[in-house]
Amino acid sequence: MTPEEEIKKLTAELNQHNYNYYMLDNPVISDEEFDHLLRHLQDLEKKYPEFQQPDSPTLRVGGTVTKKFQTVKHIYPMLSLGNTYSEEELLEFDKSVKSLVNQDVEYVCELKYDGLAISVVYENGILLRAVTRGDGTKGDDVTANVQTIKSVPLRLHGDYPSFFEIRGEILLPFDRFERLNREREDVGEPPFANPRNAASGTLKLQESAEVARRGLDCRLYYVLGKELPYQNHYDSVMKLKDWGFKTPEVIQKAATIQEVIDFVHHWDTERKKLPFPIDGIVVKVNSYELQRQLGMTAKNPRWAIAYKFKAEKVSTQLLSVDYQIGRTGIITPVANLSPVQLAGTTVRRATLHNAEVMSTLGICKNDYLYVEKGGEIIPKIVGVDLSKRASETEKIDFITHCPVCGATLSKNDEEAGTFCPNELHCPPQIKGRLEHFIGRKAMNLDSLGEGKIEILYERGLLNNIADFYDLQYDQLLGIEKHFPAEDGKPDRIVSFREKTVENILAGIQQSKKVPFERVLFAIGIRYVGETTAKKLARYFKSMDALANATKEELMEVNDVGDRVAESIIHYFNQTENLEILIRLRNAGLQFALSEEENTQISNVLEGKSIVVSGVFSIPRDEMKRKIEQYGGKNVSSISKNTHFVLAGDKMGPEKRKKAETLGIRIISEQEFYEMIGA
Ligand code: IVH
């Protein structure tokens, strides 16, 4: 078999496995076997990029970096739907439809997915382009990101038209949304308010590998084109499924508006069991001919309408406001409420988000507040019931000083966050950092937990992360504390018995083997999450090199922007942090990549200064690592001393011009692989 044939065969095979897994829910090979085949294809594509297929499953993994999304004009404008909120309005919709077409009408009911609209164009069965709604006339080209969504087909099956557009909704299921928010909180980033915001933020990311990791999903339901072979919406959706699209799982014909209303009622309760968010029901006239007759108003089609569920909302009295301080000092105001039933649970506390939200709401003492379940998850305050406000009352101002350590708070404009700048001495920040350090993805000290950390902090045994390595058996044995029940957690006693202490000390000993990249994540530099820590570790290879890096050098690393670079520099400028690092180093923690992680493969590039520019089939920092593994040196700007420029797709025109003027050779990714013999 020629490489081209093998690539084609593997592509088809892997796509069939993806289809079995994601669409039919019926995998026929194990995940390991799949990964093995995928890696093989990746290797072949690296060697022979000219044979990569437009529907290659490797596109799912991402790896491209889009600096700025291109604006693309929609072929047909992307309209939105009129909204209704009551049965009466649905009856009116039915009446107006019938008066316009003068006959009985069959409707189709679907769930209204709460994500963001997308338009995808297919040419000869291959995904050509994916564009966001934007202003309805033109949107952003997010093709590379949409290609990573496993439920969006890259190649269609069957008798599809040669050119058409399909529209639908990109969404983030609840479990992935929660995972993402946990990760963000881990690194001190503000969590997304709901899955829709998270989906929309994700689709606009520049790095498609991160989009792939977050696990977006989609439903596609609206096909547009010149020669579509069906007469109605329902049959089209059935056909879409045959072509390989993930279509609405719930779709029901309704002969009367009463059947539509029954569907709406049914799903108003059933929606709570769905694993993804919906915010209503969409009702569509089934027949295309009738849709054409009905046409549209300036903004919306007359043949469809959205029924929006009422967000479950109750009003209850404010008792007090607490301020929580996170590991990175960000302050979150929380309302303590008179207990109230909401969507099946008793709510006693709800978030007020931040200072800005609180001041916009203008909350006063003893106010009655409206509480809503944001995306059905964390209760939030959405407004004030002014009719119940006492005549004599007093506005509640956001605190100016940290309620725990007393420091004057600072404002972080970019994130509407107010934070306590006393990072080194503010107790909740210290405890937060200790908890972060022991986390599973950090040092994984699982024999310790929040309760034990609190006790050891109170006893003065743990003040910073280096203290873990000074803990002694005799200091720990026999310590005990009673934690009364609070916030849904039961009453409990935490005690340090022999076995517990042995486990703790063994875990601490074991943590000295944790690789450098995780140590870097564990020390808790603000904005340095798990992925960034990995990239920094691979790029700088040691704590010392990282500590000495300039802002420009830090920003050479993929995904490291101004904010992250400044935060790293700030961290290494604090004497207290440097002292902690010295102690950790002396304790034996991994402060550099291991031999194995850092081996040089060959010296073919010895003495060569290389500038990397553009987008490659692998992330740019991996490319730079390769250069080093083969003995070369990465430099950031082109000069007469540059040996060659390694150019990927979309290399900047300025760089190209400069290389040409200086007569520096420009080589492609493929030429590079040939050069290093990979
Ligand atoms: S049909 C002409 N069906 O809701 C517009 N839209 O407010 C045809 N949406 O733009 C749209 N689920 O982003 C349709 N089953 C569904 C939907 C749905 C969610 C979104 C979509 C649309 C918006 C309308």
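The rules behind these values
- Residues numbered from 1 in each chain as written.
- Predicted model: local features only at pLDDT ≥ 70, side-chain atom pairs only at ≥ 80, totals over all residues.
- Heavy atoms only, no water.
- Helix = DSSP H or I, 4+ residues; strand = E, 2+ residues; numbered from the N terminus.
- Rg over C-alpha atoms; globule rule 2.2 N^0.38 Å.
- Contact = heavy atoms within 4.5 Å.
- Areas by Shrake-Rupley, 256 points an atom, 1.4 Å probe, with all protein chains shown as cover.
- Lys, Arg positive; Asp, Glu negative; His and termini not counted.
- Charge placed at Lys NZ, Arg CZ, Asp CG, Glu CD.
- 1 Å grid on protein atoms, 1.4 Å probe; cavity = no way out; pocket = protein on both sides within 12 Å on 5 of 7 lines; lining within 4 Å.
- Points joined across faces, edges and corners; volume = space filled by probe spheres on them.
- Nonpolar A, V, L, I, M, F, W, Y, C, P; charged D, E, K, R; others polar.
- Phe/Tyr/Trp six-rings, centres within 6.5 Å; stacked < 30°, edge-to-face > 60°.
- Buried < 20%, exposed > 50% of the residue type's maximum accessible area, 1.4 Å probe, protein only.
- Pairing = 2+ DSSP bridges.
- Axes fitted to C-alpha atoms, helices over the stretch in contact; angles between N-to-C directions.
- Core = buried A, V, L, I, M, F, W, Y, C linked by side-chain atoms within 4.5 Å.

**Q** What is the right way to look at the overall build of the protein in this model?
**A** When you go through the protein residue by residue, the secondary structure sums to 24 helices and 24 strands. Here the C-alpha atoms of the protein give a radius of gyration of 29 Å, agreeing with the 26 Å that 2.2 N^0.38 yields for 678 residues. Across its three principal axes, the protein shows a C-alpha extent of roughly 85 × 80 × 50 Å. By sequence separation, contacts in the protein at least 24 residues apart represent 67% of the contacts at least 6 residues apart. Carbon and sulfur atoms form 48% of the exposed surface of the protein, whose accessible area is close to 33,000 Å². Counting 88 positive and 100 negative side-chain charges, the protein places the centres of these two groups 2 Å from one another.

**Q** What exactly am I supposed to notice about empty space enclosed by the protein here?
**A** Any space left empty among the atoms is revealed by the rolling of a water-sized probe across them. Counted according to the given criterion, the structure contains 1 cavity of 30 Å³ or more. In terms of lining, the largest cavity is formed by V72, K73, H74, I75, S119, V121, R129, V131 and E165. Broken down by secondary-structure element, the contributors of at least two residues to the lining of the largest cavity are β1 (71-73), β4 (116-123) and β5 (126-132). Here the residues of the lining of the largest cavity sort into 4 nonpolar, 2 polar and 3 charged.

**Q** Help me understand the packing of aromatic side chains, please; the structure alone is not making it clear to me.
**A** The description of an aromatic ring pair rests on the distance of the ring centres and on the angle between the ring planes. According to the stated counting rule, one finds 17 aromatic pairs in the structure shown. Ring plane angle 50 degrees and centroid distance 6.4 Å describe the contact between F263 and W267, whose orientation is recorded as tilted. Here the residue F263 and the residue W267 both occupy positions in helix α9 (residues 257-270), the gap between them amounting to 4 residues, near one helical turn. You can call F263 buried: its relative accessible area is 4%.

**Q** Any chance you could explain the sheet that holds strand β21 (residues 609-613) here in plain terms?
**A** Pairing between the strands of a sheet is mediated by backbone hydrogen bonds and can be parallel or antiparallel. Strand order across the open sheet formed by 4 strands is β22-β21-β23-β24, with parallel pairing between neighbours. With partners counted over all chains shown, the strands left at the sheet margins are β22 (633-634) and β24 (665-668), one partner each. With 2 bridges joining them, β21 and β22 adopt parallel strand pairing. Bridging across to β22, S609 finds its partner in K633. In the packing of helix α22 (residues 620-629) onto the sheet, the strands contacted are β21, β22 and β23 (644-647), and the crossing angle to β21 comes to about 165 degrees. Against the sheet, helix α24 (residues 669-676) contacts β23 and β24, and its axis sits at roughly 90 degrees relative to β24.

**Q** How should the nonpolar core be read in this particular structure?
**A** The nonpolar side chains of a soluble globular protein tend to be buried, and buried together. F468, L520, I523, L536 and L584 are the most contacted members of the largest nonpolar core, which totals 61 residues. Those elements that provide at least two residues to this core are α12 (427-438), α13 (450-458), α15 (498-510), α16 (516-522), α17 (530-540), α18 (543-547), α20 (562-573) and α21 (575-587). Dropping the residues within four chain positions of it, I523 is found in contact with I465, M543, Y571, L581 and L584. Membership of the second largest hydrophobic core comes to 33 residues, among which are Y122, V152, I166 and Y230.

Purely geometric stuff here, so don't read any function into it on its own.
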